Number of protein chains: 2
Amino acid sequence: MNAPDPHTPLAHALLAQSREPFPASRKVHATGMQPGVSVPMREIALTNGERVTVYDTSGPYSDPTAAIDVTRGLPDVRGPWIAARGDTETYTGRTRQALDDGVKHEARDATRIEALRASAAGLQRTPRRARSGSNVTQMHYARRGIVTPEMEYVAVRENGKREWMAEYLADAGREARLRGNPMGARIPETITPAFVRDEVARGRAIIPANINHPEVEPMAIGRNFLVKVNANIGNSAVTSSIEEEVDKLVWAIRWGADNVMDLSTGHNIHTTRDWIVRNSPVPIGTVPIYQALEKVGGVAEDLTWAIFRDTLIEQAEQGVDYFTIHAGLRLPFVHLTANRRTGIVSRGGSIMAKWCISHHQESFLYTHFEEICEIMKAYDVSFSLGDGLRPGSAADANDEAQFAELKTLGELTQIAWKHDVQTMIEGPGHVPMHLIQANMDEQLKHCHEAPFYTLGPLTIDIAPGYDHIASAIGAAMIGWMGTAMLCYVTPKEHLGLPDRDDVKQGLIAYKIAAHAADIAKGHPGARARDDAMSKARFEFRWHDQFNLGLDPDTARDFHDETLPKDSSKEAHFCSMCGPKFCSMKITQDVRDFAERGMADKSAEFKAAGGEFYVPVDALSRKG
Amino acid sequence: MNAPDPHTPLAHALLAQSREPFPASRKVHATGMQPGVSVPMREIALTNGERVTVYDTSGPYSDPTAAIDVTRGLPDVRGPWIAARGDTETYTGRTRQALDDGVKHEARDATRIEALRASAAGLQRTPRRARSGSNVTQMHYARRGIVTPEMEYVAVRENGKREWMAEYLADAGREARLRGNPMGARIPETITPAFVRDEVARGRAIIPANINHPEVEPMAIGRNFLVKVNANIGNSAVTSSIEEEVDKLVWAIRWGADNVMDLSTGHNIHTTRDWIVRNSPVPIGTVPIYQALEKVGGVAEDLTWAIFRDTLIEQAEQGVDYFTIHAGLRLPFVHLTANRRTGIVSRGGSIMAKWCISHHQESFLYTHFEEICEIMKAYDVSFSLGDGLRPGSAADANDEAQFAELKTLGELTQIAWKHDVQTMIEGPGHVPMHLIQANMDEQLKHCHEAPFYTLGPLTIDIAPGYDHIASAIGAAMIGWMGTAMLCYVTPKEHLGLPDRDDVKQGLIAYKIAAHAADIAKGHPGARARDDAMSKARFEFRWHDQFNLGLDPDTARDFHDETLPKDSSKEAHFCSMCGPKFCSMKITQDVRDFAERGMADKSAEFKAAGGEFYVPVDALSRKG
């Protein structure tokens, strides 16, 4: 047995790479009224003196001045707020069990796991829960009229810094076509803390923020906020170090993951989760049935409510911010999948279907739903009600099974809201374009505007290796229509486990989809970064074009393949056409022409000479 | 000076790679009633004995039995049809000029160019044109009620082989949700030759097929047909061999380009075009103003109608199938771009804007439009009316300049149709999602359903390096709404010249978009390949999944990264979960359960044992 080393050279190098600040960027903060509300943003310095600030999911990692020690975890953002509310208490917590970190029926290397745990002893926190009779959810506070620091944090974060956007916001003020079509969303010009509170109270938004995850930088998921993106990570087959596991998280948030789901299975899942939650500035979601299944040796029929309940408490104490719970997959719905082309494709769904038909009983998740609510509200864990019957192919999209479950999720939402438990709804999956709107309509109708959280959807089935693209199409559309968070798909979907580059590719495709949705919905300020980019493009400020992009490194590399000399990045010409052409010149001609109207100035123009130009957009295209 | 070698080792190796048949695939043909109508398709043999045939753009190159000699060109598909109509004549053609192959003001290596020409002497064809008083366009024949072999070819091609689809078509027969939403398209269950004729007569579809391009395998562009994809290629800075230039074409059609535009500039453009047209089974489009501009040394103001007209005839004699002509950019519209964020970004548009304001005259393309029609109908060159004022940023989308030009394109369409000249309309560009529908609506309204041919559109501006994705979103949507052909965007858009892999990435993104549109529109048979894929997925037929995909090699490679052993591809388990789990097993459980209804069979199920499964869709995702 090798004692695990939290600082393997490879893991250390990877984490260093994931922490590197983006070019020309620095961490800035915008503050709120309440103590401790200091919202990090990324400021990009342009070569023309403009400063562009953008939403920043990367946490302290991208701040080179932050001292990061993965064996101790991130600084505590929310601790004082939680303590100040006075409605929680620390307690000894559930007793750790041998099963928590591994499967039942295999001989495990207890020594090794103990060593892993010991290496992260600094991460152990005393758990906290609601005092008896208290409800500590953000929804509960909101419904009592309280604007929590978390809500104010979200408001500041959603608005961004409006100062630099003034020029671009004015365009939208003048031109209706630039204001978007909200498709039923009601997004105010400025997000106030009270607006956040009202949206949370109404159930139209959630702020996933377990009281045992004080490290989180609060964020909101809701149709009247920016569209968010989730990335999934899982533990390695053989977990070797904290840094390696934490790096997956840091890499994902570097590329824009607003949430991360830990879908670990097998060995060391409890300990790995400790590492991830303690080092995560973004909300962490899990599918607790995965761990429960490990505890019964992978035999779905052997699952019990007691084991599942214990697992919920275990994970709630660790600080998981939301649980995917497939409580809408009821016994009577199972037979609806019999004639599907691809049956049941949700892992959690298949576990529960197997359990239901083996016992010929209603799902214990459904029958114990109110008990689950009691646990959720003691820690402020949010529901992500799982779509166990989502379609696994276009052929099964929008079928009876899918919508029967969706209606049940709506009923469960009402029950969760009765307990003031924050709730979002998971959605498909595989849906051709013409059926996407119906998914959104049905969800809004039956689930009462609880935030929708979809996987894609994939619009076609024949693109293995490119499903991030096939699904980004559906994701952008459903995001525009009102979906609040998009679960990413990587190029490896249907084929294998995503590696580091796949995670990045999946995230960028989904940041594109989410941003396209924000612009189409008309989120105030969403267009400003695009406008700054267009201006940089028109003025041939190449460095600014790279740095305003979602992936500056790749943009710069692609440019340099054609025209590597650094000086060319300052030049007023495009990489295809060379210095002979100048877009600025003809534009000045056009502007002069427009000013002087239709008077005959042709001789003057001709005398002025000037070069023909080829514009920036003509690189790989017609016309 | 080095004499150019038509068979450089690198070019030869590339071309061989581009010709390699797809795995488990062979070329088959479906025949029509008229002589010579033999439509190639790709048949994929599945491991379960099914045969799936798919639309095949790759021409003879993917047939290992075809003898390809790039110095002699492809076999003649349409020659007998053209001759049999008896309305054309061969003639000596325009006299070649020194300017045809290079720019005006530079000393050129005449010897080198002569050697290039000589190496392709076998490609020279005697040009053909309409006899005096004849009109040889497919539209003209269609309007006289004639079903040409080209039209029948298109009908057979669009239908595909329906035999193997029966199982999947039956699904759509039962379930309305699988039939798509045509958004105003009227796609019959079966495309008949008469339907093709009627669509061409109506102007709602075009069959780009210059009488001097008999090598073309006819295809149609129209909203009631499959959505098509165009790829752009350009000559190398230093053209070295025929094979190198032809390989770009062959590589593009391998990955699904239905049309290719040759956007070459600079040296050797005439000779390079000979190489490309003679070796192309797909229609070739050009932007003749590019070559005309080279002839006047790159000075837009020096362009004349005479030089442009001569260039049209030069290219029509070579066999170019459609010309992008920016005749809608009129003098009065130029000033409308003065306050744009990104001015004029079309290369052709900027040339004409410069010409108009320099001379203070109406565009010669507009004033000579009927004369251009006379040339088009003598060779059956189709119009691709260019959108010189398309937006170069989301900020400029759907503005006055863009729509003023679009209306003019509609007027010009009516004039072209008066001459029975086939016409399509180019569209943007950069359009956020909420403005896409208006583009389609305005185009349909003003251009009378002439086929729309859009570049993307890009839905956001901040994704340099990933604009193939940002634009595939818009392309899929506008394709669903009625756009007939999508001009691809590569990852290098805005940054540099696409290399071989960029071309492939761009094409696959656009095949995804086009296919998503076909499925959403409900094109009969479009879903069948997806259904075959879903069935293969559900049955863990890994080889079939790879081979049914748009890029079998990449799918296989991605799979093998996780589970490289060949035997695993036959196994009934997914690469993440390993052999312990089996999707088939639980599905059988569910089906048994459904058959036996709600009777209490739980004891029996439990006694039967069986493993829990993890489904195919759970690889990189939640839930």
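Please read these numbers as outputs of a predicted model, since none were measured by experiment.

Caption draft 1: Representation of helix α1 (residues 9-19) of chain B within the structure. Residue and element names in this part refer to chain B. Burial in α1 covers these residues: Ala11, Leu15, Ser18 and Arg19. For α1, the buried positions fall inside an angular range of 95° around the axis, keeping them on one side. Those residues of α1 that are exposed and angled more than 90 degrees off the buried face are Pro9 and Leu10. Tucked into the core, α1 has its buried residues touching α8 (242-254) and α19 (500-521).

Caption draft 2: Quick peek at the UniProt feature "binding site: Zn(2+)" (unreviewed entry) in chain A. Residues and elements named next belong to chain A. Per the UniProt record, "binding site: Zn(2+)" (unreviewed entry) is found at His430 and His494. A maximum C-alpha distance of 12.1 Å places the annotated residues, which cover 65 residues in sequence, within one compact spot. Note on placement: His430 falls in the loop between β13 (423-427) and α17 (436-447). Residue His430 is classed as buried on the basis of its relative accessible area, which comes to 0%. There is a polar contact of 3.0 Å between the side chain of His430 and the side chain of Asp461. Exposure remark for His494: the relative accessible area of 1% places this residue in the buried category. Separated by 3.4 Å, the side chains of His494 and His430 make a polar contact.

Caption draft 3: Looking closely at the confidence of the model for chain A. Residues and elements named next belong to chain A. Taken residue by residue, chain A gives an average pLDDT of 89. The fraction at 70 or more is 88%. Within the model, the stretch residues 573-582 combines pLDDT values under 50 with 33 contacts to residues more than four positions away or in other chains. Here the predicted complex scores 0.94 on pTM and 0.93 on ipTM.

Caption draft 4: The arrangement of the interface of chain A and chain B in detail. Taken residue by residue, the interface counts 155 residues in chain A and 154 residues in chain B. In this assembly, chain A packs against chain B so that about 12,700 Å² is buried in total across both faces, 63% of it on carbon and sulfur atoms. Where chain A meets chain B, there are six salt bridges. In this structure, Arg341 of chain B and Asp171 of chain A form a salt bridge, with 2.8 Å as the shortest nitrogen-oxygen distance. The interface formed by chain A and chain B contains 23 residue pairs in polar contact (both at pLDDT 80 or more). The dominant element in the side of chain A that touches chain B, judged by the number of residues it contributes, is helix α19 (residues 500-521) of chain A, at eleven residues. Class assignment of the residues belonging to the side of chain A that touches chain B gives a composition of 74 nonpolar, 45 polar and 36 charged.

Caption draft 5: View of unusual backbone geometry. For the bond running from Pro428 of chain A to Gly429 of chain A, omega is 0°, close enough to zero to count as cis. Summarising the element assignment, Gly429 of chain A is placed in the loop between β13 and α17. Even without being glycine, His360 of chain A reaches a positive phi, approximately 45°. Among the structural elements, His360 of chain A can be located in the loop between α13 (347-359) and α14 (364-367). Notably, Phe540 of chain B is not glycine yet its phi reads approximately 55°, a positive angle. Relative to the helices and strands, Phe540 of chain B is located in the loop between α20 (528-538) and α21 (542-548).

Caption draft 6: Focus on the relation of the copies chain A and chain B. Each copy of the sequence occupies a distinct position, and chain A is placed on chain B by a rotation of 180° and an axial shift of 0.0 Å, giving an RMSD of 0.0 Å. Taken together, the turn and the small shift mark the pair as related by a two-fold rotation axis. No C-alpha of chain A lies nearer the rotation axis than that of Ile473 of chain A, which sits 2.3 Å from it. Looking at chain A, 99% of its interface residues are interface residues in chain B too, so the copies touch through the same face.

Caption draft 7: Focus on the environment of Ala401 of chain B. Residue and element names in this part refer to chain B. Inspection of the secondary structure puts Ala401 in helix α16 (residues 400-418). Ala401 gets classed as buried once you look at its relative accessible area, which sits at 0%. On a C-alpha basis, the gap between Ala401 and Leu329 in space is 9.1 Å, while along the polypeptide they are 72 residues apart. Residue contacts for Ala401: discarding those within four places in its chain leaves Leu336, Thr337, Arg340 and Leu389.

Caption draft 8: A look at the state of the cysteines. All names here are of chain A. Scanning all chains against the criterion turns up zero disulfides over all chains. Residue Cys356 stays outside any disulfide, its sulfur separated by 18 Å from that of Cys373, the closest cysteine. As a non-bridged cysteine, Cys447 has Cys373 as the owner of its nearest cysteine sulfur, 14 Å distant. By relative accessible area, which is 0% here, Cys447 ends up buried.

Caption draft 9: Representation of the packing of helix α10 (residues 288-295) of chain A against helix α11 (residues 305-318) of chain A in the model. All names here are of chain A. Packing of α10 against α11 leaves a shortest axis separation of 9 Å and a crossing angle of 125°. It follows that α10 is oblique to α11 by the angle criterion. In this structure, α10 crosses over α11, and the sense of that crossing is right-handed. For the pair formed by α10 and α11, the contact residues are Pro288, Ile289, Gln291, Ala292 and Lys295 on the first element and Ile307, Phe308, Asp310, Thr311, Leu312, Glu314 and Gln315 on the second. Here the contact of α10 with α11 is built from residues that sort into six nonpolar, three polar and three charged.

Caption draft 10: Representation of the environment of Asp262 of chain B within the structure. Residue and element names in this part refer to chain B. Counting through the fold element by element, Asp262 comes out in strand β9 (residues 259-262). Distance from Asp262 to Asn235, taken between C-alpha atoms, is 7.9 Å for residues 27 residues apart in sequence. Discounting chain neighbours no more than four positions away, the residues touching Asp262 are Ile233, Gly234, Arg273, Ile276, Ile284, Gly285 and Thr286. Within the structure, the side chain of Asp262 is placed 2.5 Å from the side chain of Ser264, a separation counted as a polar contact.

Caption draft 11: Representation of empty space enclosed by the protein in the model. Residues and elements named next belong to chain B. For the structure on display, the rule yields eleven cavities of 30 Å³ or more. What lines the largest cavity is a set of 45 residues, among which Val54, Tyr55, Asp56, Lys511 and Arg529 lie closest to the centre. Contributing elements (two or more residues each) for the lining of the largest cavity: β1 (25-31), β2 (38-45), β3 (51-55), α5 (149-159), α8 and α19. The element contributing the most residues to the lining of the largest cavity is α19, with five residues.

About the cut-offs
- Residues take numbers from 1 onward in each chain, read along the sequence in its written order.
- Following the order in which they are written, the chains are lettered starting with A and the ligands numbered starting with 1.
- Owing to the predicted nature of the model, reporting of local features is limited to residues with pLDDT of at least 70; listing and counting of side-chain atom pairs is limited to 80 or more, with chain, interface and lining totals taken over all residues.
- The side-chain quantities take in all heavy atoms of the structure and omit both hydrogens and water.
- Throughout this description, buried means an accessible area under 20% of the type-specific maximum (1.4 Å probe, protein chains only), exposed means over 50%, and partly exposed covers the range between.
- For the purposes of this entry, the term helix denotes a DSSP run of H or I that reaches at least four residues, the term strand denotes a run of E that reaches at least two, and both are numbered from the N terminus.
- Comment: arc refers to directions from the helix axis out to C-beta atoms.
- In this analysis, two residues are considered to be in contact whenever any of their non-hydrogen atoms come within 4.5 Å of each other.
- UniProt positions are given in the numbering used here, feature names are shortened, and annotations may be inferred rather than shown by experiment.
- Any pair of N or O atoms that falls within 3.5 Å is considered a polar contact. Within protein, one atom must be able to donate a hydrogen and the other to accept it, and sequence-neighbouring residues count only if both atoms are side-chain atoms.
- On a scale of 0 to 100, pLDDT captures the predictor's confidence in every residue.
- Summed over both partners, the accessible area (1.4 Å probe) lost when two parts come together is defined as the buried area.
- Salt bridges are defined by distance alone: a side-chain nitrogen of Lys or Arg within 4 Å of a carboxyl oxygen of Asp or Glu.
- Under this grouping Gly is polar, as are all residues other than the nonpolar Ala, Val, Leu, Ile, Met, Phe, Trp, Tyr, Cys and Pro and the charged Asp, Glu, Lys and Arg.
- The superposition of copies rests on a least-squares fit of C-alpha positions from residues with pLDDT of 70 or more in both.
- When two cysteine sulfur atoms are found within 2.5 Å, that pair is recorded as a disulfide.
- In this analysis, axes come from line fits to C-alpha atoms, helices being fitted only over the stretch in contact, and the angle between any two N-to-C directions falls in the range 0 to 180 degrees.
- For this classification, under 35 degrees means roughly parallel, over 145 means roughly antiparallel, 65 to 115 means roughly perpendicular, and everything else is oblique.
- By definition, any crossing whose near helix is turned counterclockwise from its far helix by less than a right angle is left-handed, and any crossing with a clockwise turn is right-handed.
- Put plainly, a pocket is an open set of points on a 1 Å grid over the protein atoms alone with protein on both sides within 12 Å along at least five of seven lines, a cavity is a set where a 1.4 Å probe fits but cannot get out, and a lining residue has an atom within 4 Å of a point.
- Grid points are joined across faces, edges and corners, and a volume is the space filled by probe spheres set on the points.

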